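Architecture at a glance
Residue-level listing of the chains:
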Amino acid sequence: MIGPIAGTFRDVWASRSGRIGILTLAIAIAGVLLLPPLLQDPNAQFNILEGAVPPSLHHPFGTDQLNRDVLARVVRGAGISFTVAFLSVTLSITLGAFVGLVAGYHGGWVDMLIMRLVDGALAIPRLFILLLLLAITQHISLALFVIVLGTTGWFGVSRIVRGEALRIRHEVYVQAAEALGASPKRVIFNHLLPNTAGPLLVAATLGVGDVILLEAGLSFLGLGVRPPTPTLGGMIHESREIMLSGAWASIFPGLAIVLTVLAVNLVGEALRDSFDPKNATS
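What you see is a predicted model, and the numbers here were worked out from it, not measured in a lab.

What to know about the overall build of the protein chain
When you go through the protein chain residue by residue, the secondary structure sums to twelve helices and zero strands. Mapped in sequence order, the helices and strands of the protein chain form the string α-α-α-α-α-α-α-α-α-α-α-α. Along the longest, intermediate and shortest principal axes, the C-alpha atoms of the protein chain span 75 × 45 × 30 Å. Buried residues in the protein chain amount to 43% of all 282 residues. With the model as given, the accessible surface of the protein chain reaches about 15,000 Å², and the carbon-plus-sulfur share is 69%. One way to put it: in the protein chain the 18 positive side-chain charges average out to a point 6 Å from where the 17 negative ones average out.

Quick look at the structure:
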C-alpha cells in the first residue's frame, strides 16, 4: 500500500504544477495548524472606535471595520474551510463510491434504477439544492453544514466509480475470484474498490477546491457558518462597506481562497496525469 502511494507522490512531485500545488498547500496547512497559538483572538476588538487599520508590524494584514486582526481571522477562516472541505468531501466520496460500486457490480435493473435516480439528481443544480436547504434552516451548525455539502456532492462521483466498476467487473481475475466462490462483498472490497482508488483520489482532490469555493460563496451570502465564527467568504461579506477605505480586509481573505483553490486544482490535475499518462503534458 505504501509503495503505490509513494509512487503517486513522486509522479505528482515530478510535475512543476504539482510541486507548486503541494508546496502552497503545505504552507497553508502549516499556517492553519501552527499559527493560531501565536496570533491574537480572531474575535477580539482592540479599539472599535479606531476602525480599520492598514497593515503594520502589529497587524500584518491590518484590521477590519471592527478593529479585529485580519491575519488571525484569515487563519481561522482557512482552518474552517479546510475542515468543511475535508469532511464533506470524505462523506461525498464514501457515498458516491458505495452507490457506484453497487450499481456497477450488480448491473441490470439495479444499475438502471440507481443511475436514473442519479441522473435526476444531476439535473438539478447543486447550488440550487444547497440554497434551498440552507435557506429553510435558521441556524446552521458546522456539522450540519458539512452534512449538507457532503450529501449533495456524491452524484458525479457515483457515475465515475460505476463506470470503472463496470469495466473491471468483466476482468479475468474478477471472474476467477467469483468462480472460486468469492462473495459479492469480497469482490467489491478486494478487487473493485482498490482499482477505482485512482479516479476516486482525483475526484476527491478536485472536490476539495469546489467545496472551498462553495463554502466561501454561501458564507458570503450569509447562508454558511454564522458569525462571529470567521469564514473567508463571510469576511469578504462583512468588509464590503469598507471596500474602498479598507480594501485589505477583503483582499487577504480573497487571496487565501484563490491561492488555496488554485493549489488544490494543480495537485488534482497532476494526480489525474499520473493515473492517465496519455493526458500528461511535458
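Anyway, onward from the coordinates.
What to know about empty space enclosed by the protein
Under the counting rule described, the total for this entry stands at two cavities of 30 Å³ or more. The computed volume of the largest cavity comes to approximately 50 Å³. Elements supplying a minimum of two residues to the lining of the largest cavity: α3 (70-106) and α11 (232-238). In this structure, the second largest cavity occupies an estimated 40 Å³ of space. Lining the second largest cavity are Ala78, Ser81, Phe82, Ile212, Leu232, Ala256, Ile257 and Thr260. At the level of elements, α3 and α12 (248-275) are the ones that each hand at least two residues to the lining of the second largest cavity. Taken together, the residues of the lining of the second largest cavity break down into six nonpolar, two polar and no charged.

Brief notes about the side chain of Ser239
Looking at the secondary structure, you find Ser239 in the loop between α11 and α12. We classify Ser239 as buried; its relative accessible area is 1%. Ignoring sequence-local partners within four residues, the contact set of Ser239 consists of Gln65, Ala249 and Ser250.

Examining the environment of Gly207
As for its placement among the helices and strands, Gly207 is situated in helix α10 (residues 197-220). A residue is classified by how much of its surface remains accessible, and Gly207, at 14% relative accessible area, is buried. For the pair formed by Gly207 and Gly268, sequence separation is 61 residues and the distance between their alpha carbons is 9.0 Å.

Brief notes about helix α2 (residues 16-34)
The end-to-end C-alpha distance of α2, which contains 19 residues, comes to 27 Å, matching closely the 27 Å that a straight helix rising 1.5 Å per residue would cover. Among all positions in α2, only Gly18, Gly21, Ile22, Leu25, Gly31 and Val32 are buried.

Some points on the layout of surface pockets
Empty space left among the atoms is revealed by rolling a probe the size of a water molecule over them. By volume, the largest pocket amounts to about 750 Å³. Forming the boundary of the largest pocket are 28 residues, of which Phe86, Val89, Leu201, Ala204 and Thr205 lie nearest the centre. For the lining of the largest pocket, the secondary structure elements donating two or more residues are α1 (2-14), α2, α3, α9 (184-195), α10 and α12. The dominant element in the lining of the largest pocket, judged by the number of residues it contributes, is α3, at ten residues.

Looking at the side chain of Ser81
Locating Ser81 in the fold gives a position in helix α3. On the basis of relative accessible area, Ser81 is assigned to the buried category, the value being 3%. Discounting chain neighbours no more than four positions away, the residues touching Ser81 are Ile212, Glu215 and Leu232.

A few points about the pattern of salt bridges
Summed over all chains, the structure comprises nine salt bridges. We note a salt bridge from Glu164 to Arg167, for which the minimum N-O separation is 2.8 Å. You can see Glu164 and its partner Arg167 sitting in helix α7 (residues 155-169), three residues apart, about one turn around the helix. The closest approach of N and O atoms between Arg272 and Glu269, which form a salt bridge, is 2.5 Å.

A look at a nonpolar patch on the surface
A cluster of nonpolar residues, Ile124, Phe128, Leu132, Leu133 and Ile136, forms a patch on the protein surface that exposes about 480 Å² of accessible area. Position of Ile136 among the secondary structure elements: in the loop between α5 (126-135) and α6 (142-151).

Side note on the nonpolar core
Val84, Ile93, Leu134, Phe145, Leu149 and Leu192 are the most contacted members of the largest nonpolar core, which totals 54 residues. For Phe145, the residues in contact, after removing those within four places along its chain, are Val84, Leu134, Ile140, Glu215, Leu218, Leu223, Gly224 and Val225. Val99, Ala103, Val118 and Trp154 belong to the second-largest nonpolar core, a separate cluster that totals nine residues.

Considering the packing of α10 against α12
The contact between α10 and α12 brings their axes to 9 Å, and the two run at 165°. Judged by the angle between their axes, α10 and α12 are roughly antiparallel. For the element pair α10 and α12, the recorded crossing hand is left-handed. Where α10 approaches α12, its residues Gly198, Leu201, Val202, Thr205, Leu206, Val208, Gly209, Ile212, Leu213 and Ala216 are matched on the opposing element by Ile257, Thr260, Val261, Val264, Asn265, Val267, Gly268, Glu269, Leu271, Arg272 and Phe275.

The rules behind each value
Residues numbered from 1 in each chain as written. Predicted model: local features only at pLDDT ≥ 70, side-chain atom pairs only at ≥ 80, totals over all residues. Heavy atoms only, no water. Helix = DSSP H or I, 4+ residues; strand = E, 2+ residues; numbered from the N terminus. Buried < 20%, exposed > 50% of the residue type's maximum accessible area, 1.4 Å probe, protein only. Areas by Shrake-Rupley, 256 points an atom, 1.4 Å probe, with all protein chains shown as cover. Lys, Arg positive; Asp, Glu negative; His and termini not counted. Charge placed at Lys NZ, Arg CZ, Asp CG, Glu CD. 1 Å grid on protein atoms, 1.4 Å probe; cavity = no way out; pocket = protein on both sides within 12 Å on 5 of 7 lines; lining within 4 Å. Points joined across faces, edges and corners; volume = space filled by probe spheres on them. Nonpolar A, V, L, I, M, F, W, Y, C, P; charged D, E, K, R; others polar. Contact = heavy atoms within 4.5 Å. Expected span 1.5 Å × (residues − 1). Salt bridge = Lys/Arg side-chain N within 4 Å of Asp/Glu carboxyl O. Patch = residues over 30% accessible without salt bridge, like charges linked within 9 Å, V, L, I, M, F, W, Y side chains within 5 Å. Core = buried A, V, L, I, M, F, W, Y, C linked by side-chain atoms within 4.5 Å. Axes fitted to C-alpha atoms, helices over the stretch in contact; angles between N-to-C directions. Parallel < 35°, antiparallel > 145°, perpendicular 65-115°, else oblique. Left-handed = near helix turned anticlockwise from the far one by under 90°.

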